[in-house]
Amino acid sequence: MSLLLIALAGLALAGAGLLRLPHRGGLMGPALAFLAGLMVMALLIRVATGALGIGRATDFDAVVNHAVEVSAEEAAPIIVFSGASFSRNAISEQRLTGLLREKGYPHRVVNLSLEAASLAERDRHLEDFMAATPRAPDIVFVEIGQVTDERPAFIFENSKFSMRAIDQFDLTGTRWAVQGMLEGACAGTTACVRDLVLTGMHAGLNVLNVGLVSQGKTLATIAPKESYEGNDTPREEIDPAWRAEELAATVEAASVKPWARAFRDAQRARLMSEGVREVAYYFPPVIEAGTRAYAGGLCNDELAAFTCIAPLDPALLASLDGNEWLDRDHLLDSGAEVYEVWLAEQLIASGILEGGK
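The model shown is predicted, which means the values in this text are computed figures rather than measured ones.

A. Representation of the environment of A266. Mapped onto the secondary structure, A266 falls in helix 12 (residues 258–273). Looking at A266, the relative accessible area reads 38%, which means it is partly exposed. Taking the C-alpha atoms as reference points, A266 and S319, 53 residues apart in sequence, are found 37 Å from one another.

B. Fine view of the pattern of salt bridges. What the rule picks out here adds up to 28 salt bridges. The salt bridge involving R270 is made with D123; its shortest N-O contact spans 2.7 Å. Within this pair, whereas R270 is found in helix 12, its partner D123 is found in helix 6 (residues 119–132), the two being separated by 147 residues in sequence. Residue D321 pairs with R243 through a salt bridge whose shortest N-O separation is 2.8 Å. Of this pair, D321 sits in the loop between helix 14 (314–319) and strand 8 (325–327) while R243 sits in helix 11 (residues 240–248), placing them 78 residues apart in sequence. Note on R243: relative accessible area 10%, which makes it buried.

C. Spotlight on a nonpolar patch on the surface. A surface patch of nonpolar side chains, amounting to about 840 Å² of accessible area, comprises M28, L32, F34, L35, L38, M39, V207, L208 and V210. Locating L208 in the fold gives a position in the loop between helix 10 (189–207) and strand 5 (217–218). You can call L208 partly exposed: its relative accessible area is 40%.

D. Representation of the environment of P234. In this structure, P234 sits in the loop between strand 5 and helix 11. Expressed as a C-alpha distance, the spacing of P234 and D327, which sit 93 residues apart in the sequence, is 6.4 Å. P234 has contacts with W325, L326 and L332, leaving out every residue within four places of it along the chain.

E. How the structure looks around the state of the cysteines. Counted under the stated rule, the structure contains two disulfides. A disulfide bridge connects C186 with C192, and the sulfur atoms are separated by 1.6 Å. Disulfide C186-C192: the torsion about the S-S bond is 75°, which places it as right-handed. In terms of burial, C186 and C192 fall into one category: buried. Two residues, C299 and C308, share a disulfide whose sulfurs are 2.0 Å apart.

Procedures and definitions
Residues numbered from 1 in each chain as written. Predicted model: local features only at pLDDT ≥ 70, side-chain atom pairs only at ≥ 80, totals over all residues. Heavy atoms only, no water. Helix = DSSP H or I, 4+ residues; strand = E, 2+ residues; numbered from the N terminus. Buried < 20%, exposed > 50% of the residue type's maximum accessible area, 1.4 Å probe, protein only. Salt bridge = Lys/Arg side-chain N within 4 Å of Asp/Glu carboxyl O. Patch = residues over 30% accessible without salt bridge, like charges linked within 9 Å, V, L, I, M, F, W, Y side chains within 5 Å. Areas by Shrake-Rupley, 256 points an atom, 1.4 Å probe, with all protein chains shown as cover. Contact = heavy atoms within 4.5 Å. Disulfide = S-S within 2.5 Å.

See below:
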């Protein structure tokens, strides 16, 4: 890495010499020369690190490398579940794969999920997987969560100016985030302004390659790590009466942000063009009725033409009315086991697995 830094420093010095303007009065000329040099050097750094496979290493890269490893080792059809922490805590690859194979379906499940992952960040790493996998997955299931539809810059709730936050605001990620916020996909005017400012700052850091060389790593060499991390101990005390009431409740679904619909349309078209047989949708169980209703509303409206699995089954929810919750939004390992049994049944009943047998 130190040799790369020396080489890039040499390029920067050479570029500064080439772009030097004749001495003139005023500030405009030097300012333009500085900006031009900065952009050229940023581009050269991006090209060099890209050629060497160097990136801002995050936990998501370890999950991607695990998915690539599984895809290379398995001959069976691959099912990818792409989500945030809702999915990370709800789907064990090994257990769900075992449940399907017990029913005669050879598919191998891969969980490509990470906490606080926005739609754009998940899509970015899904594309990393698609670029590295030896074969396209048979099915990609995309998580449909209300919080990520309503917060295109969701990472700011958990982390600012981290490698993950900077990494996702490339040209595409910034474009979707700005489109969503301009449509009001944030928690009020003040939050929109704050998120727009933070988005601009993170996009600038991305363009200028901040952390890319000094802290970057060769992504292909990052040790693979499975997404699922089962938990046995609750981190939040949940009122049993409230839990029972919410799990039994049915409410109206909130309206969907147009940017999220456009994002899903573009993502689906791209994945299909890359060889994915089916793109489908799902959402794991949560306690709050409104969050579940949002997923159900999407399944019944925008995504009615596709396989879409929302956790609205009263029998499933009744079976989770106990000590199966890490907190109000995430399952313990025991709850994940309950959900996986139900999810396997839903996958089989939907017929989506038949094309990959």
